[in-house]
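Structure at a glance
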Amino acid sequence: MSRFISSKFDSLKPYEPGEQPTDKKYIKLNTNESPFSPSPLVQKAISDEEIRSLRLYPDPNANCLKNSLSKHYGVKKENIFIGNGSDEILALIFLAFCDEKTGMAFANITYSFYPVYCNLYNIKAEQIPVNSNFSINPRDYFNCSNNIIIANPNAPTGIALNIDDIESIIKNNKDRLVVVDEAYVDFGAKSCLPLIKKYDNLLIVRTFSKSRSLAGARIGYAFGNESLICDLEKVKFSFNSYTNSRLSLVAAIAALEDEDYFLKCRGVIIKTREKTYKQLKKLNFILLPSLANFIFAKPPVFISASSYYNKLKQMGILVRYFKNSNIDSWVRITIGSSEEMDTFIEKTKLIILEAQNENCKNGTQNK
């Protein structure tokens, strides 16, 4: 750190995104990106005229995208917020609704950006332990003294709560904001969107990065009570009026319009996830049930997660390994294309066989 940075950031530990190495070409199964290109309609929408329009600022209110989302989801435009990826929206939520009196409560195993936001804004982080099977117990969040955020499905586990469980948390925290981060909801979980008409303390955050194949476009959106959306707009426009580029907005609208392409790609990812799950199960991995575009997996006892991760990397495949002591025996595996996952399983079998042979060799030597 330089001698000029504020002392309040002395203990700040930034979020660590998944590796984006450039030393060689990898099969990237580490950052939960889509294996599919964006909809063909996206390419058509980014015309020469749109490119020439880059000399102009984008619409700060993103009204065209709000109109499209309103039509698509049957939600009033006033109940929609647009941001530069869901991460920006989450950051604005922590900034807008938390302070020195009211912090944020979340699971101790969840999206690792949540504690970073708390540290950045000097907000109390109430980390609630998950169950032994990594699931969230809704009752642990009843009558909370802080605001609440729940990733559903959770990351990195892939486990989802049902809508009734989410609603029970909302009903038992009427004076607290409940945020549901639905970044992965399109891969099998149920959205809490219908609940925004019943509760004024609910915000739902979603993204185009995963199921719409637009991670590079940085488009996120939120649904909530009109007053909550107004609060977010107030904070956003006090920071940056133009957070979404013209091309990103055009791309998002086109992606949203191509429902057939979305359903086709999502279906393939879900099918490939289930196939990969069964294959890893046969190789004696311990797996958590996933409703996301990834699988959380614990390798067999004779090979550590860190060793498995490193051996895959040497073979040109990246998965996500977390050094957090709660989950350092697990890896998160993004679902890639069918061909990529076939290669991943093939390399995994080689690693497992090598580890088994080494284990047997060491066992023989120790006798």
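These numbers come from a predicted model, not from an experiment. (Residues numbered from 1 in each chain as written. Predicted model: local features only at pLDDT ≥ 70, side-chain atom pairs only at ≥ 80, totals over all residues. Heavy atoms only, no water.)

Further remarks concern the overall build of the protein chain. Along the backbone of the protein chain there are 11 helices and 12 strands. With the C-alpha coordinates aligned to their principal axes, the bounding extent of the protein chain is approximately 70 × 50 × 50 Å. Out of the 367 residues belonging to the protein chain, those deemed buried represent 51%. The long-range share in the protein chain, meaning contacts at least 24 apart out of those at least 6 apart in sequence, stands at 72%. (Helix = DSSP H or I, 4+ residues; strand = E, 2+ residues; numbered from the N terminus. Buried < 20%, exposed > 50% of the residue type's maximum accessible area, 1.4 Å probe, protein only. Contact = heavy atoms within 4.5 Å.)

The alternating pattern of strand β2 (residues 80–83) places I80 and I82 and F81 and G83 on opposite faces, both of which are buried. Strand direction decides the pairing type here: β2 and strand β8 (residues 220–224), joined by 4 bridges, are antiparallel. By the bridge assignment for β8, G83 is matched with G220. (Pairing = 2+ DSSP bridges.)

Estimates place the volume of the largest pocket at around 1300 Å³. Forming the boundary of the largest pocket are 48 residues, of which Y15, E16, S112, R320 and F322 lie nearest the centre. Secondary structure elements with two or more residues in the lining of the largest pocket: α4 (85–97), β3 (104–107), α5 (113–121) and β11 (317–321). When residues of the lining of the largest pocket are assigned to their parent elements, the largest contribution, 5 residues, is made by α5. Taken together, the residues that form the lining of the largest pocket break down as 23 nonpolar, 14 polar and 11 charged. (1 Å grid on protein atoms, 1.4 Å probe; cavity = no way out; pocket = protein on both sides within 12 Å on 5 of 7 lines; lining within 4 Å. Points joined across faces, edges and corners; volume = space filled by probe spheres on them. Nonpolar A, V, L, I, M, F, W, Y, C, P; charged D, E, K, R; others polar.)

Attention now moves to the sheet that holds strand β7 (residues 202–207). Taking strand neighbours across the sheet as the criterion, the 7 strands line up as β2-β8-β7-β6-β5-β3-β4 in an open arrangement whose pairing is mixed. The sheet is open, and its two edges are formed by β2 and β4 (125–128), each paired on a single side. Between one strand and the next, the sheet's axes are offset by a mean angle of 20 degrees, whatever the strand orientation. On the sheet, helix α3 (residues 63–73) packs against β2, β7 and β8 and is oriented at approximately 130 degrees with respect to β2. Sitting on the sheet, α4 is in contact with β2, β3, β5 (147–151), β6 (178–181), β7 and β8, with an inclination near 155 degrees to β7. (Axes fitted to C-alpha atoms, helices over the stretch in contact; angles between N-to-C directions.)

Tracing the chain through its elements places I335 in the loop between β12 (331–334) and α11 (338–366). The class for I335 is buried, based on a relative accessible area of 0%. The spatial distance from the C-alpha of I335 to the C-alpha of I295 is 7.5 Å, given a sequence separation of 40 residues. Filtering out sequence-adjacent residues up to four positions away, I335 remains in contact with E33, P35, I269, T272, R273, T276, N293, F294, I295 and M341.

Attention shifts here to the environment of L56. Mapped onto the secondary structure, L56 falls in the loop between α2 (48–52) and α3. Along the chain, L56 and S245 lie 189 residues apart, while their C-alpha atoms are 10.0 Å from each other.

A few words on the sheet that holds β11. Strand order in the open sheet made by the 5 strands is β1-β11-β12-β10-β9, with mixed pairing throughout. Of all the strands in the sheet, just β1 (27–29) and β9 (286–287) have a single pairing partner and so form its edges. Pairing analysis gives 3 bridges linking β1 to β11, with the strands arranged parallel. Looking across to β11, one finds that K28 is bridged to L318. Sheet strands in contact with helix α9 (residues 259–282) are β9, β10 (294–298) and β12, and its direction is about 10 degrees off that of β10. Where helix α10 (residues 305–314) meets the sheet, it contacts β11 and β12, and its direction lies at approximately 155 degrees from that of β11.

Before going further, it helps to spend a moment on empty space enclosed by the protein. Across all of its chains, the model carries 2 cavities of 30 Å³ or more by this definition. Space inside the largest cavity adds up to approximately 50 Å³. Taken together, P38, S39, S211, R212, S213, A255, D258, Y261 and F262 make up the full set of residues lining the largest cavity. Taken as a whole, the second largest cavity encloses approximately 30 Å³ of empty space. Along the walls of the second largest cavity sit E182, A183, Y184, V185, D186, F187, R206, T207 and S211, which together make up its complete lining. Residue composition of the lining of the second largest cavity, grouped by class: 4 nonpolar, 2 polar and 3 charged.

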